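# Chains, contacts and geometry: an overview
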Amino acid sequence: VMASQQVLEENQQLEMTENVARLFDACDAVADGQMSHDDFLREVRLAQAGLKEFAEELDELADSLMDRSSFTDEQWAIWESQHLPHLEDVASGLLHGLAEGQSGLEKMAYFVQDPDEQHLIKGVRQVWEGLGVIHRASLSFQTYSKMLADVMSEAAADGLISTEG
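Residues numbered from 1 in each chain as written. Predicted model: local features only at pLDDT ≥ 70, side-chain atom pairs only at ≥ 80, totals over all residues. Heavy atoms only, no water.

Attention shifts here to the pattern of salt bridges. This structure, assessed with the given rule, holds three salt bridges. For R22, the salt bridge identified is with E43, shortest N-O distance 3.1 Å. With a gap of 21 residues between them, R22 in helix α2 (residues 18-31) and E43 in helix α3 (residues 37-65) connect regions that are remote in the sequence. Linking R42 and D39 is a salt bridge whose minimum nitrogen-to-oxygen distance equals 2.6 Å. A residue pair is termed a helical-turn pair when its members lie 3 or 4 positions apart in one helix, as R42 and D39 do in helix α3 at three residues. Exposure remark for R42: the relative accessible area of 48% places this residue in the partly exposed category. Judged by its relative accessible area of 33%, D39 falls in the partly exposed class. (Salt bridge = Lys/Arg side-chain N within 4 Å of Asp/Glu carboxyl O. Helix = DSSP H or I, 4+ residues; strand = E, 2+ residues; numbered from the N terminus. Buried < 20%, exposed > 50% of the residue type's maximum accessible area, 1.4 Å probe, protein only.)

Here it is as structure tokens:
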């Protein structure tokens, strides 16, 4: 593995957010009997609501990207053939990550019905993997957005497209 590749991979490592840390701490606490099942389920529901909100924001973003009214036919043809396939890959990554995350949260919640720590362990692992997939897809999308913005500003600078909206 080349050094630059390694640095890139390290930079793409997912950082633990406060909310994720809180969720994982809740798993430890409920396993140790230091948190009630109701309080634990409240934490899981908060995380589920966060993922649901993220999914809704992605839907809105996807709708705006698919809005043909902001394109000429020629621009749409280029957009559809060159850019859409990449965005569809990113979107499927995000959806996969969301599904993994939701599935992991369901495993965690199942601990309340069947107090086997394996449910928590598997749930934590699956949530973390899902968040990693979302993180990588988001990085890919950010890179792509920057590239698209550069292409558009070059086209405007060259007088190929109008900058008036």
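Here the narrative resumes, following the displayed structure.
In this section: the confidence of the model for the chain. Per-residue pLDDT for the chain averages 84, and the proportion of residues at 70 or more is 88%. Looking across the chain, the model is least confident in helix α1 (residues 3-11), with a mean pLDDT of 47, and most confident in α2, with 93. (pLDDT = per-residue confidence, 0-100.)

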